[in-house]
Amino acid sequence: VVGVMIRALLNCVFGLALAASMAKAQAEIVIDRTRLIYPATARGVTLNLRNEADSPRLVQVWIDEGDPQMAPELSDVPFTVTPPILRMDPGKAQALRVIYHPVPRQAITDPQEVVYWLNVLGIRPTDAASHQLQLAFRTRIKLFLRPNALPGRAEDAVAALQWQLADDRPVLRVRNPSAFHVTLSSVVLNLEGVEYRHENPPMLAPRSTAELIIPGWVVPWRGTPTLRFTTLDDYGATHERTQRIGR
């Protein structure tokens, strides 16, 4: 009965959490990492939460395929999280167990890394009779499902990126030929001492090509631009690379 009541309460504030998760607020329920790598052959992966608020929080955890608007009960993914609903006292930590349930056809049809999203929703419990506005904060991190026996290594995917500047448009093309995702955190072109920055670089899906519009870049262009970009590794650490780039 208690579990049903908590789930109903969390569902009531899910809409508020969608808005709050977009705000630049300090997360009260802190996850011990910025991304989760799940080897497909693992029996489970553990991560930890900590309540850094000054009072208890009700917490719901679920995984989705990338739609931040989808309600937890509608998410259909091959994962379970234990426990999915919990109460956390201030200053306390809680371990979560993520378990993958393989889909037989997936290893055949998708021989590449797949990305999901882990959601952590925390709300402040209040007395229902108080009519106070309940604030909810949600944190989302990427969960990368990594099949075994993929060609190459994740740490080599950045070096394999293929960059090309368009002749007729202010566009920088980048191709990721690997079976792994590559997360770009910054992209800067330098030509004759002038820097041109792409403000919101994407995460590159496996075996995909993306086009990045470079504001201020004038075509046709001459010379040999220098590209400087940063990426995030499996642990969320930033790495910078510099290279010459051509047409």
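Each value, and the rule that gives it
- Residue numbers here run from 1 along each chain, matching the order of that chain's written sequence.
- Totals for whole chains, interfaces and linings use all residues, but because this is a predicted model, local features are given only for residues with pLDDT of at least 70 and pairs of side-chain atoms are given and counted only at 80 or more.
- In computing side-chain values, all of the structure's heavy atoms are included and hydrogens and water are not.
- A helix here means a DSSP run of H or I that spans at least four residues, while a strand means a run of E at least two residues long, and both kinds are numbered starting from the N terminus.
- Relative accessibility thresholds used throughout: buried, under 20% of the residue-type maximum; exposed, over 50%; partly exposed, between the two (1.4 Å probe, protein chains only).
- Contact between two residues is taken to exist if any of their heavy atoms lie within 4.5 Å; hydrogens are not considered.
- Each reported salt bridge corresponds to a side-chain nitrogen of Lys or Arg within 4 Å of a carboxyl oxygen of Asp or Glu.
- Nonpolar cores are built from buried Ala, Val, Leu, Ile, Met, Phe, Trp, Tyr and Cys residues. Side-chain atoms within 4.5 Å join them into one set.
- DSSP bridges decide pairing: two strands pair if at least two such bridges lie between them.
- To obtain each axis, a line is fitted to C-alpha atoms, and for helices this fit is confined to the stretch in contact; angles are then taken between N-to-C directions over 0 to 180 degrees.
- Under the pairing criterion, centres of Phe, Tyr and Trp rings, with the six-membered ring standing for Trp, must be within 6.5 Å; the plane angle then separates stacked pairs below 30 degrees from edge-to-face pairs above 60, leaving the rest tilted.

*Asks:* Even after reading the chapter, I still don't get the side chain of His181, so can you show me in this structure?
*Replies:* Summarising the element assignment, His181 is placed in the loop between strand S11 (171–176) and strand S12 (182–191). For His181, a relative accessible area of 13% gives the class buried. If near-sequence neighbours (up to four positions away) are discounted, His181 is found in contact with Glu113, Val114, Val115, Phe144, Asn176, Met203, Leu204, Ala205 and Pro206.

*Asks:* Where do I start with the pattern of salt bridges in this structure?
*Replies:* Any two side chains of opposite charge can pair if their charged atoms end up close together. Per the counting criterion, the structure on display carries 13 salt bridges. One salt bridge connects Glu195 with Arg228, and the closest N-O pair in it is separated by 3.2 Å. Taken together, the positions of Glu195 in strand S13 (residues 194–198) and Arg228 in strand S16 (residues 226–232) put the pair 33 residues apart, joining distant regions of the chain. You can call Glu195 partly exposed: its relative accessible area is 43%.

*Asks:* Explain the nonpolar core to me, please; I cannot follow it from the model alone.
*Replies:* Nonpolar side chains in soluble globular proteins generally cluster together in the buried interior. If you look at the biggest cluster of nonpolar residues, it comprises 26 residues, and the most contacted ones within it are Trp163 and Leu172. Secondary-structure elements contributing two or more residues to this core are strand S10 (162–165), S11, S12, strand S15 (208–213) and S16. Of the residues forming this core, the biggest block, five residues, is contributed by S12. Sequence-distant contacts of Leu172, that is, excluding residues within four places in its chain, are made with Trp163, Gln164, Leu165, Val187, Ala210, Glu211, Leu212, Ile214, Leu227 and Ile245.

*Asks:* I keep staring at the sheet that holds strand S6 (residues 85–88) and nothing clicks. Help me out?
*Replies:* The pairing of strands in a sheet comes from backbone hydrogen bonds and takes either a parallel or an antiparallel form. One open sheet accounts for five strands, arranged S2-S9-S8-S4-S6; its pairing is mixed. Looking at the sheet topology across the chains shown, the edges are occupied by strand S2 (35–39) and S6. The sheet shows a mean angle of 25° between the axes of neighbouring strands, direction not considered.

*Asks:* How should unusual backbone geometry be read in this particular structure?
*Replies:* Leaving glycine out, the prevailing phi sign among residues is negative, and the prevailing peptide bond configuration is trans. Looking along the chain, the bond that leaves Thr82 and enters Pro83 is cis, with omega of -10°. Mapped onto the fold, Pro83 is located in the loop between strand S5 (79–82) and S6. Geometrically, the link from Val219 to Pro220 is a cis peptide bond, its omega value of -5° lying close to zero. Relative to the assigned elements, Pro220 resides in the loop between S15 and S16. Look at Ala149: it is not a glycine, yet its phi comes out positive at around 60°. Along the polypeptide, Ala149 turns up in the loop between strand S9 (136–146) and S10. A relative accessible area of 76% means that Ala149 is categorised as exposed. Its identity as a non-glycine residue notwithstanding, Arg207 has a phi of 50°, on the positive side. Relative to the elements of secondary structure, Arg207 occurs in the loop between strand S14 (203–204) and S15. For Arg207, a relative accessible area of 41% puts it in the partly exposed group.

*Asks:* When you look at the packing of aromatic side chains in this model, what are you seeing that I'm missing?
*Replies:* Working definition: an aromatic ring pair is given by the centre-to-centre distance plus the angle between the planes. Evaluation of the coordinates by the stated rule reveals seven aromatic pairs. An angle of 85° between the planes, with centres 5.0 Å apart, marks the rings of Tyr196 and Trp217 as edge-to-face. Linking Tyr196 in strand S13 with Trp217 in the loop between S15 and S16, this pair joins segments that are 21 residues apart in sequence. Assigned by exposure class, Tyr196 and Trp217 land together as buried. An aromatic cluster is built from Tyr38, Phe79, Tyr100 and Tyr116, whose rings are joined through pairwise contacts.

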